[in-house]
Amino acid sequence: MKNRVLVIGNGIIGLSSALAALQRGRDVTILDRIAQGGDNCSQGNAGMVVPSHFIPLAVPGIISQGLRWMRDPESPFYVKPRLSLDLMRWGLRFYMSTNADQVAAGTQVLRDMNLQSREMYSQWQDNGIDCSLVKRGLLMLCNTQHALDEEATIANQARSLGIPASVLSVEETNSLDPNVTMATVGSVYYPKDCHLDPSQLMQSLRNKITSLGGKFLLREHAQGWKTSKGRVHAVETVSGDVEADEFVLCGGVWSDGMVRSLKLRIPMQPGKGYSLTVPDPVELPSVCSIFVEAKVAVTPIGNSLRFGGTMELGELNQSIDPRRVQGIVKSIPKYMPNFKPQHFEGIQPWVGLRPVSPDGLPYIGRTNAYSNLTIATGHAMMGISLGPITGKLVGEVLDGEAPSVDLSHLSPDRFAE
Ligand SMILES: Cc1cc2nc3c(=O)[nH]c(=O)nc-3n(C[C@H](O)[C@H](O)[C@H](O)COP(=O)(O)OP(=O)(O)OC[C@H]3O[C@@H](n4cnc5c(N)ncnc54)[C@H](O)[C@@H]3O)c2cc1C
């Protein structure tokens, strides 16, 4: 009998892990509490594949900037003040992760993962996993000279890490995407970045997994675990126990809650974000971009244009705060003046919860406590970017092979108490 792998979570990380396990000859089942095509964080996001994002979230200076933003209800970053021991502990770990050595180590890991993942997307596309991958790069659009100077410093760092980046004047920025009118003082262009259609990617992955014999067990909520002698035997659901030989937890922001009954901790906060997709925009850029000061991502998806943004830390629910959505809408004409607030009237915002670890790095690997439990989660703003390489790493972990990327900084046990 083939070795059975149960993957918990039908998001990009679960699907990428399932694909890798199937390609390694395992008998794979994916369990999720929502229906096929149901909404999780992997559906309505900005779909960017970003080697340019090699700096972890927790960097020196971010806390003072975050505190300034918190006074503005329409700002791109917000922490809902509340008395929560988990949030306080997470905040302390976040603060401790902003030291230069840790950031430098995280930078190398994210660079390696992003570049490998980008290559894998091309291979996936060639192997029938169609996600409308567009390899035209990313523009970091700046409204102020101060932001452009900061982005130019990051571009220097990128080049020193082998990631191409150019600082562009206003004219060079405009000529790179003549389809759209932009109001900037200049930009940084990352030619290796790409964009794709996340919903199409998810559907193509499911089709591929089904064609390789993978099974889906949907509308089943994993409620607990059956364990003995340092091994997991089954996941408990209302319909009964689901047994397997190996378990891969890819439960996104809900993963920490799921491992608590195993006496494990993978600290995580939900980073709520919104996207607005305009079906027939006044202008359709051909290159994806980020409004640097406003922290809004702009992605052409087919004939529509998606704007995504905000990072609201701390609330594990999918309620929509209209003030935050307004913050996105108001920022758009500052960078793309032909877009007006009325173009967004009647557009229903999509909401997603990013799984955010305190050091801005994912959790990938086995746990010390359970020899057949692998964890893959905590990808925050980069789950799409890092999906393929995460799946590859999970496959290597399952087979006990040397990992393609140094996993020592990604251990799920790194915050164990
Ligand atoms: C506005 C926005 C824009 C973004 N843009 C980008 C981008 O451009 N590029 C990029 O790389 N990333 C982007 N991201 C981040 C990206 O969307 C996430 O990192 C990624 O989707 C996380 O994937 P996941 O598989 O870990 O989690 P999810 O997609 O959330 O999947 C987790 C799954 O686990 C299931 N689950 C949880 N608990 C249980 C349980 N008890 N039983 C059964 N099933 C369970 C859930 O139902 C869910 O389906 C963006 C996010 C947001 C919000």
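Conventions we followed
The written sequence of each chain sets the order in which its residues are numbered from 1. Two thresholds apply to this predicted model, a pLDDT of at least 70 for residue-level local features and 80 or more for giving and counting side-chain atom pairs, whereas whole-chain, interface and lining totals are computed over all residues. Note that water and hydrogens are dropped before the side-chain values are worked out from all heavy atoms of the structure. Burial classes: relative accessible area under 20% of the type maximum marks a residue as buried, over 50% as exposed, and values in between as partly exposed (1.4 Å probe, protein chains only). Helical segments are the DSSP runs of H or I of at least four residues, strand segments are the runs of E of at least two, and each set is numbered from the N terminus. When DSSP finds two or more bridges between a pair of strands, those strands are recorded as paired. Under the convention used throughout, the expected extent of a helix is 1.5 Å for every residue step, that is, one less than its residue count. Helix axes are fitted to C-alpha atoms over the stretch in contact, other axes to C-alpha atoms as well, and angles between N-to-C directions run from 0 to 180 degrees. Throughout this document, a residue counts as near a molecule or strand when at least one of its heavy atoms sits within 4 Å of that molecule or strand. N or O atoms within 3.5 Å of each other form a polar contact, as long as, within protein, one can give a hydrogen and the other can take it, and as long as residues adjacent in sequence are counted only when both atoms are side-chain atoms. Under the convention used here, a 1.4 Å probe and the Shrake-Rupley method define accessible areas, while residue burial counts only the protein chains that appear. Note that Gly is not counted as nonpolar here; it falls among the polar residues with everything else outside the nonpolar set of Ala, Val, Leu, Ile, Met, Phe, Trp, Tyr, Cys and Pro and the charged set of Asp, Glu, Lys and Arg.

Quick notes on the pairing of strand β5 (residues 138-142)
- Counting buried residues along β5, 5 of its 5 residues qualify, which places the element largely inside the surrounding structure.
- As defined by bridge partners, β5 adjoins strand β15 (residues 288-291) across 4 bridges and the pair is classed as parallel. If you follow Leu139 over to β15, its bridge partner there is Ser289.

With respect to helix α1 (residues 12-23)
- For α1, which comprises 12 residues, the first-to-last C-alpha distance of 16 Å matches the rise-based estimate of 16 Å (1.5 Å per residue) to within 8%.
- Of all 12 residues that make up α1, 11 are buried, and the element is covered over most of its length.
- Every buried residue of α1 is accounted for by Ile12, Ile13, Gly14, Leu15, Ser16, Ser17, Ala18, Leu19, Ala20, Ala21 and Leu22.
- Within two residues after α1, Gly25 carries a phi angle of roughly 85°, on the positive side.

Focus: the sheet that holds strand β19 (residues 363-366)
- Taken in spatial order, the 6 strands of this open sheet run β9-β2-β1-β13-β20-β19, and their pairing is mixed. Strands with a single pairing partner mark the edges of an open sheet, and in this sheet they are β9 (215-217) and β19. Strand-to-strand twist in this sheet, taken as the mean axis angle between neighbours without regard to direction, amounts to 20°.
- Two elements, strand β1 (residues 4-8) and strand β2 (residues 27-31), share 5 bridges in a ladder whose sense is parallel. Note on β2: the bridge partner recorded for Val7 is Ile30.

Describing the site of the ligand
- Close to the ligand lie 35 residues; Asp32, Ser42, Met48, Ala380 and Ser385 are nearest.
- Taking Ile12, its main chain carries an N or O atom lying 3.3 Å from an oxygen atom of the ligand.
- Between an oxygen atom of the ligand and a main-chain N or O atom of Ile13, the distance comes to 3.1 Å.
- For the ligand, the accessible surface in isolation is 1000 Å², of which the surrounding protein chains cover 97%.
- Only α1, β14 (269-278), β18 (350-356) and α10 (383-398) provide two or more residues apiece to the shell around the ligand.
- Of the residues in the shell around the ligand, the class split is 17 nonpolar, 14 polar and 4 charged.

Quick look at the pairing of β15
- Burial of the side chains of β15 extends over both faces: Cys288 and Ile290 are buried on one face and Ser289 and Phe291 on the other.
- Bridge analysis of β15 against strand β16 (residues 296-301) gives 3 bridges, and the strand direction is antiparallel. The residue of β16 that forms the bridge with Ser289 is Val298.
- The antiparallel pairing of β15 with β16 creates a hairpin that spans 4 residues between the two strands, and Lys295 there sits at a positive phi of about 55°.

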